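Here is what each chain is made of, one letter per residue.
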Protein chains: 6
Amino acid sequence: MKKKRIMVINPLGQDTFDAPQKAYLEEAKSDNVEVEVVSLQRGPHHLEYHYYDALVGIDLLHTIKQAEKESYDAAVIACFNDPFLYEAREICHRLVITAPAQASLQLATVFGDRFSIIVGRNKWIPVMRQNVYKYGCADKLASFRSLGLGVLDFHNDESCTLNRLKTEARKAVEEDGAEVVILGCTAQFGFYKNLQQMLGAPVIDVMLAAFKQAEFFVDLRDHFGWMPSKIGGYETPPIKEIAGWGLEEQYGIQGLWTGEK
Amino acid sequence: MKKKRIMVINPLGQDTFDAPQKAYLEEAKSDNVEVEVVSLQRGPHHLEYHYYDALVGIDLLHTIKQAEKESYDAAVIACFNDPFLYEAREICHRLVITAPAQASLQLATVFGDRFSIIVGRNKWIPVMRQNVYKYGCADKLASFRSLGLGVLDFHNDESCTLNRLKTEARKAVEEDGAEVVILGCTAQFGFYKNLQQMLGAPVIDVMLAAFKQAEFFVDLRDHFGWMPSKIGGYETPPIKEIAGWGLEEQYGIQGLWTGEK
Amino acid sequence: MKKKRIMVINPLGQDTFDAPQKAYLEEAKSDNVEVEVVSLQRGPHHLEYHYYDALVGIDLLHTIKQAEKESYDAAVIACFNDPFLYEAREICHRLVITAPAQASLQLATVFGDRFSIIVGRNKWIPVMRQNVYKYGCADKLASFRSLGLGVLDFHNDESCTLNRLKTEARKAVEEDGAEVVILGCTAQFGFYKNLQQMLGAPVIDVMLAAFKQAEFFVDLRDHFGWMPSKIGGYETPPIKEIAGWGLEEQYGIQGLWTGEK
Amino acid sequence: MKKKRIMVINPLGQDTFDAPQKAYLEEAKSDNVEVEVVSLQRGPHHLEYHYYDALVGIDLLHTIKQAEKESYDAAVIACFNDPFLYEAREICHRLVITAPAQASLQLATVFGDRFSIIVGRNKWIPVMRQNVYKYGCADKLASFRSLGLGVLDFHNDESCTLNRLKTEARKAVEEDGAEVVILGCTAQFGFYKNLQQMLGAPVIDVMLAAFKQAEFFVDLRDHFGWMPSKIGGYETPPIKEIAGWGLEEQYGIQGLWTGEK
Amino acid sequence: MKKKRIMVINPLGQDTFDAPQKAYLEEAKSDNVEVEVVSLQRGPHHLEYHYYDALVGIDLLHTIKQAEKESYDAAVIACFNDPFLYEAREICHRLVITAPAQASLQLATVFGDRFSIIVGRNKWIPVMRQNVYKYGCADKLASFRSLGLGVLDFHNDESCTLNRLKTEARKAVEEDGAEVVILGCTAQFGFYKNLQQMLGAPVIDVMLAAFKQAEFFVDLRDHFGWMPSKIGGYETPPIKEIAGWGLEEQYGIQGLWTGEK
Amino acid sequence: MKKKRIMVINPLGQDTFDAPQKAYLEEAKSDNVEVEVVSLQRGPHHLEYHYYDALVGIDLLHTIKQAEKESYDAAVIACFNDPFLYEAREICHRLVITAPAQASLQLATVFGDRFSIIVGRNKWIPVMRQNVYKYGCADKLASFRSLGLGVLDFHNDESCTLNRLKTEARKAVEEDGAEVVILGCTAQFGFYKNLQQMLGAPVIDVMLAAFKQAEFFVDLRDHFGWMPSKIGGYETPPIKEIAGWGLEEQYGIQGLWTGEK
C-alpha cells in the first residue's frame, strides 16, 4: 500500500526546528506514514506577534496548496496559534489540514475535566484564549501559566526549561485545578514525557497532537470521505476569479491554481 | 504485531444490531484491529428513555470493566446518548473508551461552521442538547431535526428511512444553515454515504465516528501514554471500598474488581 | 386532612444516615407532612465516584417508582450529585421528586449575588460544576472549596468538621466574594446553623433545601396541577415496551410497572 | 398559630385587578396565610414601558418597607418585569419579597427542558429576555410569542384572549419545542387551567408562582433563617445616611425608616 | 454654527460634584460643545445602594425629558451604575443619552484584551457585574478590585486615594492580567492621568468616556439620523396614556409631556 | 489647527470603490478632518474568501504602518470582516485603527435590543458570526439575512439591490425581531438612508460607522492619551528582531520599520 505523506510546516523563515522535529515525529508516526518537515523561504523566526503571523500567511498557504498539488495527504501547521487554519481548509479539497490548538484542545477536553495551558510569555495569552473560546472550550480552561521564556529559548537550556515547566505544571494542578496540561507551543516539543511522569496526569505535546490528528483525519477521509464541508464557510475560491484578477502573477505563484495538477 | 482488540457494546438487551454492525465495522476498521460487537444479557431494546439508560448502566459498566480485564484495547459505547461514558472512563485504567456523541461532535466542529443533528423522535432532543452544551458545541448547533421514527424503525423500511433522512438533511442545510449533518443514533448506521453524496457535504455516521476515535485513542495511548487523567474527576474508586462493602457479591460480579487480572 | 407523605432516599447500601436524618427532618417538616428516610438493600456507602452513582441507579429508581405506587406524595434523592433526577421524573406521574443540588442552587441564586459550594474532596468538583452549568448558575458560582474530608468523615469528629467548615466558609466570603454558602453534601447536615451565625450570611443545608422544595412542589401539584411536563424529555416509557421486553422479570421488579396500583 | 400575612402589590395607580386577584389568591393560598392585594395611590395603569416601571419605583418600595414595618411576612411584586425586586430585598430584613419572573422561571426549568413565554406585545420582549438571561435561563428559552394584546385587554373579552392564548401556546409547543408555557403577565391570571388541560403540559400562572414562592420562602425563613444575604449586594442602606440627608422629608415618608417599628 | 449643548446630570440630591466636574469637562469637550452639569433637587448624596438608585429615578428621567424639551443635544447620566439608561432612551426622541458603564466598557474592549474595574466598595460589585454581562463584556473582565472607599471619600484625601488606586491598578495588571483599567465611579474623576502614566496602559475615566460618547452620538445623529430604535424596546409611551391617567399631575410635572415643546 | 488625516484602505487590488467612497466620506467627515481612500497595488477584487483575506494581509499592514510613518491620524480597514485589525493595532503606536464590524456592532447594541446583519452571500456568515461572538454581541444577534449578491454586484443595478435590501430588512424586523439593521459589507455604502426611512429604524452603514469611530478615537487619543494597551496582546514587535531577521528585505519594505520616521 502506498504510504501516506504528511508535510509539517514550520511557518517560519528559519529551519532550526525542522530536523529535530522530523526525528521526533519519526518516532511518533504510524508505519504507513511518511513525514516531512519544512519551513518557509522567508519570514520571522517565531510567531509571538500578530504581525509575524500575518507575514507568513501567504507563503504558508501557498506551501499548503502546493502540497495538495503534489499529492500529499495532509499538512500540519506547526504553530499553537493555529494561523490560517480555516483559510487552508478553504483552499484545499483533498488535503487534510490540522493545527496544534484545535487538535490538543479536543484531546484535553476528553482526557480530563479542566486543563491548563503553559505558555512562554503573557503576550501570547490573548490570541490563545480567543482560540479556546472559538473552539468551545472556555468552560474547561483552568488557567494559563507563563514560563517567562520566548519560543527560541525553550531548547537553549533544556534542563532549565524543564524545571520551569515542572513548577508551572504543578501549580496548574494544585492551585488551578487542572487535570490535563497542554504545552502551548510547538517549540515545547520533547518535554511532555518527563512532565507526564512527574504529574501522573496527561501532558499534551501539541506538535504530536496535531500530527496524529492528521493521520486520523486522513484515515477518515479515505474510509468515509469526511472532509471539511464545501457548502459554507470552506467553499473554495473560484479559479475564474484567481486567474481573471491575475493573482498568480501578483503573488509569484504561477500555475499554482491554474496549472496542471 | 498483536492486533488491537476493540469491543463495541450495544447497551441493549437484544442482539439484533450486533451482526450487521460487526459486518459494517469490519469494512471500516484498520488492518491491525479486531472488532467484536456485543450486547447485554438483559435490558431494553432501545434507549429512547432516561429510564432505559439507567437500567443498562450496571451491566454496561461491568461489561466494560470485564473487557479491560480481558485486555481489550478499547470499548465503544454504541448509543448517541453517550450513556455512562464518564463512569466508564473512571473505572478503567488502560482501556480506551469512546462514545458516539463526543466523537462525532468533535468531527462536526472541525468539518464545518455549524451542524444539525437528525434524531428519530423529539423525545430524544433534551438529553442530546444537554450533551451538545456539555461538550462545548452549543454555538455550532444549527438545529435538531426529527424523523418521526423510533430506534427500531430505521431498518424496517430502509428506503423510507432514507427518504425521510434526505428530506430533513436538505432542510437542515437549506433552512437552518448546517454545513455538516450528524445522524443522531447509532441505529442510523448505513445511511451516511447516500446522504453525503446527495448533499455534497459531510454526513457523520456516529457509530463509525466513535469506532475510529477508539482506534485513534488506542494509538495515542500506545505512543504517548495519553489517557483520561486520574488526578481528578476520573479517579478510580478504591478496591478497598469495593471489597469492604461487598459490592461484588451484591451486584453479582465476583472477582471483577478483586480477582486476578 | 390526610397528611402528605415524603420519602427521603439515601441512595446507599447502608442506613447509618437514616435515623439521624429522620430526626433532623422531623424538626424541619411542615405539620401536615410525614417523613420517612430509607436507604437501599445494597450499594456503596457513599457516592464519591461516578461508578457508585451508576451502581445505585436501578434500585433508586425502583424505590421511587414503588413510592409512587404506594401513594407517597414526594421522594427526595438524598445526594448532592442529584443522581438520576431526570430519570426519576420521567418514570413518575404523580410523585413529586426533588434533589439537593437543583433545590439549593435555586435558593442560593435568590439569596445572594454569588455563592460558593463547600465540598468534601476535590474529586467531587467536576460532576458538581457540571450540574452548576446545567442548572444555569455558572455566572453565580464564586468558588468551590474543599475540606479534605470524605462523606463518611463528616460526623466522625463533628467539632473538627465544623472548624474546617468555618475556615473554608470564611475564605469563600472574604477571598472569593461569596454571599451565600452551600454545604455540598447531604451528609453535611446539621452544621448550617453554626456557620450561618458565624458568617451572618445564609448557609444552605442541601438536605433541608431538597426536602422543603418537595413540600413546596406537592403544594403546587395539589393546587394547580403543576408537574414535570410529559410532552418532551420527561415522557414516561410505555408499559407495552416494559412488559413486552420482560424488563420486570429481568430486573426483579415483578409487577412494579404492570401490577395493580 | 398566628397566620402569615402576605401583601400582593399591584405596582399600578389603579385598583382594577386588586379585588379579582384577591379572590383568585384566596383559592390558592395555604390555610395559615392571609392575603391582601393593594395597589398604589398614583401611577400608570400598566407597566408596558420602562418609564412606567420607573415611575412606580419609589411608591412600590415604600409600600414594601411599610409592609415590613407592619409585620407582614411577605410582599409580592405583581408584575412580570420583576420591577425593583433587588432594591426591595436590599431595604428589608425580615420581609420576604418575591416576583413573578424569578418565581416562574425557576419552576419552568424544573418542569421541562425548555419553555416559552407568551407576552402581550413585542414591546415587552427585550426587558423580559434580559431577565431570562439574568436568571440563568437563556439555554432553556424556546421562544417568546406575542398575543398582540395590551395588559388592559386581557380581561375585556376573555374568550377571545383564551383563543389567542391557545393558538400561541400550541405553536410554542409544536413549532418551538416548548415543554412548559409561561403566561408572561400577571394580568393573564385565570387562564392557565384551560390552557393546561388543552396542552397536557404545565402552564405557569406567574401570579400564582410568585405568591406560592412567597409562602415557601416565609417557611424557609421561619424554619432555617434563610433570607437574602446582607453581606454583599443586598446590604441595607444605613439609617444614618437616610436621616442625615433628610430623605424621609424629601420623599414624604416621615418615620418610615427612622420611626418606631 | 450653533453649539451643541450637553447636560451632565449627577443623579444626586447634592451639588458638590457639579462645579468641579464642569471645570473638568470644559477641558475635555470639543470646541463646538457647551457643557452644563446639574444635580437633582432632592435625593441621596451617592448611589451606593439599589434603593438610592430607585429614589432618583423619577427626578432623573424628568430632568432628562426636560432637557430634550429645552433642545439640549445630549444628556449624560453621571453614575457608573448607568441608572435608568434604557428608560431615558425610551422617553426621548432627539436627545442623545449616554452613561458611563456602557461608554467605558465599549472603549475598554477595544483598547485591550481584558480589563479590570476598580470600585470603591465590594457592595457595588453585583450591580456592576450585572452590567458587564448585560453589555456583553463578561469574557473580557479580568477582575473587580476594591479600594475600601465610599463615593464621598475619593476627594477627601486625594493623595491617599491615588495611592490606593495605584496599588490596586498595579495588582489588576500584574496579578489579574488586565491590559486596561476602568475607574468604576464617576466620582473617581481626575485620577486617570497619573495612573495611566504609572501603568503605561490606558486608564478609563468613566465620566470622560460617557461625555465624549455623547458628543460622538450627537455627531452620528446629526449626520446619519442614527438614534435608538423606536420599533421595539425603546418605543416611547403614548401621550394619550400619560395624559389620560393624569400622570403629569400625580408626579408634579405639569406640561412636561403634554405642554408645548 | 492642523487637520486630522484619516486614510481609508480598501484592502483590494482594484480601486473601483476608492473615488465613490471618498466622495461619500467627504459628506460625512467632520470639518477638521481630511479623508483619503486608497487601495492596494495588488490583490483580489473582493474578500469573500478567507484566502483573499490572507492574501492582502501583508500589503494592508504595511500600508497602515506607512500611514503611521507619514503621520496620518487614523486608518480605517474598509472590509466588514475586520481583517488584520488586531495585527494593525499591534504594529502601531500613535495611529488610530478602526474597522467596520467592531464599530458597527458597538453602535447596534446601543441603538436597539437586537440587530440583524444583511450579507451578500451565505458564504460570508461563518466568519462574521465568529466576529459577532468575539465582540461579545452573540446575545443581541437576531439573524443573518442574505441577498444572494456578491460584493461586486451591489452597485451594478442599485435599484435591484435596494429592493432586495428592503425585502430582507423588513423580514429581519418582522420575522426575526431585529430593532437595528446592519448592512454587512462596506460595498453596501449608499443604501442606508432609504432603508432607514422605510423601516423607521436605524440602519447602520458600516463604512460610515468605522470612519466616524476613527474620528472619535483620534479625539480620545488627543485629549486623554487613550490608545490600545501596549502591555499585553498589542505589544509591538521589537525592531531588533525585524532588523536582525532581515524582514524588511524579505518583504520588500526597506526602511519601513528601521528607517527615519
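Shown above is the structure to which this text applies.
If you're wondering where the values come from, they're calculated on a predicted model, not measured in any experiment. Residue numbering note: each chain is counted from 1, following its sequence as written. Here chains are named by letter from A upward and ligands by number from 1 upward, in the order in which they appear as written. For a predicted model such as this one, the threshold for reporting local features is a pLDDT of at least 70, and the threshold for listing and counting side-chain atom pairs is 80 or more; totals across whole chains, interfaces and linings nevertheless cover every residue. Here the side-chain values reflect all heavy atoms present in the structure, with hydrogen atoms and water set aside.

## A word on the side chain of E68(A)
Residue and element names in this part refer to chain A.
Item 1. Here E68 lies in helix α2 (residues 50–69).
Item 2. Within the local environment of E68, its side chain forms a polar contact with the backbone nitrogen of R94, the two atoms lying 2.6 Å apart.
Item 3. Residues count as neighbours in contact if any of their non-hydrogen atoms are within 4.5 Å of one another. Contact partners of E68, with chain neighbours within four places excluded, come to I91, C92, H93, R94 and L95. Numbering of helices and strands runs from the N terminus, with a helix taken as a DSSP run of H or I at least four residues long and a strand as a DSSP run of E at least two residues long. Here a polar contact means two N or O atoms within 3.5 Å. Within protein one must be a hydrogen donor candidate and the other an acceptor candidate, and residues neighboring in sequence count only if both atoms are side-chain atoms.

## A closer look at the relation of the copies chain B and chain D
Item 1. Expressed as a screw transformation, the operator carrying chain B onto chain D has a rotation angle of 120° and an axial translation of 0.0 Å, and the superposed copies differ by an RMSD of 0.0 Å. The two molecules are tied by a three-fold rotation axis, judged by turn and shift. Closest to the rotation axis within chain B is the C-alpha of D139(B), separated from it by 6.4 Å. A least-squares superposition brings the copies together, and it is based on the C-alpha atoms of residues with pLDDT no lower than 70 in both.

## As for the packing of aromatic side chains
In this description, an aromatic ring pair is defined by two values, namely the gap between the centres and the angle between the planes.
Item 1. Between the rings of Phe, Tyr and Trp (Trp by its six-membered ring), a pair exists once the centres lie within 6.5 Å; its type follows the angle of the planes, with under 30 degrees stacked, over 60 edge-to-face, and the other angles tilted. According to the stated counting rule, one finds 81 aromatic pairs over all chains in the structure shown.
Item 2. Their ring planes at 85° and their centres at 6.1 Å tell us that Y192(A) and F224(B) sit as a pair that is edge-to-face. Note that Y192(A) is positioned in helix α7 (residues 192–199) and F224(B) in helix α8 (residues 206–224), a pairing that runs across two chains.
Item 3. Relative accessibility thresholds used throughout: buried, under 20% of the residue-type maximum; exposed, over 50%; partly exposed, between the two (1.4 Å probe, protein chains only). A relative accessible area of 5% means that F224(B) is categorised as buried.
Item 4. In textbook terms, an aromatic cluster arises when at least three aromatic residues are bridged by ring pairs, as seen for F111(A), F216(A), F217(A), F111(B), F216(B) and F217(B).
Item 5. In this structure, K134(A) is placed above the aromatic ring of Y86(A), and the distance from its NZ or CZ to the ring centre is 4.9 Å. Whether a charge sits over a ring comes down to the Lys NZ or Arg CZ being within 6 Å of the ring centre and within 35 degrees of the ring normal.

## Let's talk about the relation of the copies chain A and chain B
Item 1. Once turned by 180° and shifted 0.0 Å along the axis, chain A lies on chain B with an RMSD of 0.0 Å. The relationship between the two copies is best expressed as a two-fold rotation axis. If distances are taken from each C-alpha of chain A to the rotation axis, the shortest is found for G136(A), at 2.3 Å.
Item 2. Interface overlap between copies is the fraction of interface residues in one copy that are interface residues in the other; for chain A against chain B it reaches 100%, indicating a shared surface.

## Side note on the interface of chain B and chain D
Item 1. On the chain D side, the residues contacting the four residues of chain B number five residues.
Item 2. Summed over both partners, buried area is the accessible surface (1.4 Å probe) that two parts give up on being assembled. Three residues, P126(B), R129(B) and Y133(B), lead the burial of chain B against chain D; their summed loss comes to 89% of the area buried on that side.
Item 3. Every case where a carboxyl oxygen of Asp or Glu lies within 4 Å of a side-chain nitrogen of Lys or Arg is listed as a salt bridge. At the boundary of chain B and chain D, one finds one salt bridge.
Item 4. Put simply, D113(D) and R129(B) hold a salt bridge, and the shortest N to O gap is 3.4 Å.

## Here's the deal with the pattern of salt bridges
Item 1. Following the criterion strictly, the structure yields 102 salt bridges over all chains and no others.
Item 2. In this structure, E90(A) engages K123(F) in a salt bridge whose closest nitrogen and oxygen atoms are separated by 2.9 Å. Here E90(A), found in helix α3 (residues 85–91), pairs with K123(F), found in the loop between β5 (115–119) and α5 (125–134), and the two come from separate chains.
Item 3. Overall, K123(F) belongs to the buried group, its relative accessible area being 6%.
Item 4. The closest approach of N and O atoms between D222(B) and K4(B), which form a salt bridge, is 2.8 Å. Here D222(B) is found in helix α8, whereas its partner K4(B) is found in strand β1 (residues 4–10), with 218 residues between them in sequence.
Item 5. Overall, the relative accessible area of 19% leaves K4(B) in the buried class.
Item 6. Through salt bridges with shared partners, one network takes in K4(A), D73(A), R94(A), R221(A) and D222(A).

## Concerning the interface of chain A and chain B
Item 1. Across the contact, 48 residues belong to chain A and 48 residues belong to chain B.
Item 2. Taken together, both faces of the contact between chain A and chain B bury some 3700 Å²; the carbon and sulfur share is 64%.
Item 3. Taken together, the links from chain A to chain B amount to two salt bridges.
Item 4. The partner of K212(B) in a salt bridge is D219(A), with the nearest N and O atoms 3.1 Å apart.

## A word on empty space enclosed by the protein
Item 1. In the cavity and pocket records, a cavity denotes points on a 1 Å grid over the protein atoms alone where a 1.4 Å probe fits but cannot get out, a pocket denotes an open set with protein on both sides within 12 Å along at least 5 of 7 lines, and lining residues are residues with an atom within 4 Å of a point. Grid points are joined across faces, edges and corners, and a volume is the space filled by probe spheres set on the points. Using the criterion set out here, one finds 18 cavities of 30 Å³ or more in the structure.
Item 2. As a volume, the largest cavity reaches approximately 1000 Å³.
Item 3. In terms of lining residues, the largest cavity is bounded by 46 residues, among which E87(A), N131(A), K134(A), E87(F) and K134(F) are the most central.
Item 4. Within the residue set of the lining of the largest cavity, elements represented by two or more residues are α2, α3 and α5 (125–134) of chain A, α4 (100–111) of chain E together with α2 (50–69), α3 (85–91) and α5 of chain F.

## Overview of the sheet that holds strand β6 (residues 141–146) of chain D
All names here are of chain D.
Item 1. Read across the sheet, four strands follow the order β6-β5-β7-β8 without closing on themselves; strand pairing throughout is parallel. Strands at the two margins of the open sheet, each flanked by one partner only, are β6 and β8 (203–205). Along the sheet, successive strands turn relative to each other by an average axial angle of 20°, direction set aside.
Item 2. As judged from the three bridges shared by strand β7 (residues 180–183) and β8, these two strands associate in the parallel manner. Each bridged residue has a counterpart across the sheet, and for V181 the counterpart in β8 is V203.
Item 3. Along the sheet, helix α4 (residues 100–111) contacts β5 (115–119), β7 and β8; its crossing angle with β7, the most-contacted strand, is approximately 170°.
Item 4. Sheet contacts for helix α7 (residues 192–199): β7 and β8; angle to β8, the most-contacted strand, approximately 170°. Two strands qualify as a pair provided that DSSP identifies no fewer than 2 bridges between them. Every axis in this analysis is a line fitted to C-alpha atoms, fitted for helices over the stretch in contact. Angles between the N-to-C directions lie between 0 and 180 degrees.

Don't take any of this as a statement about function, it's just geometry.
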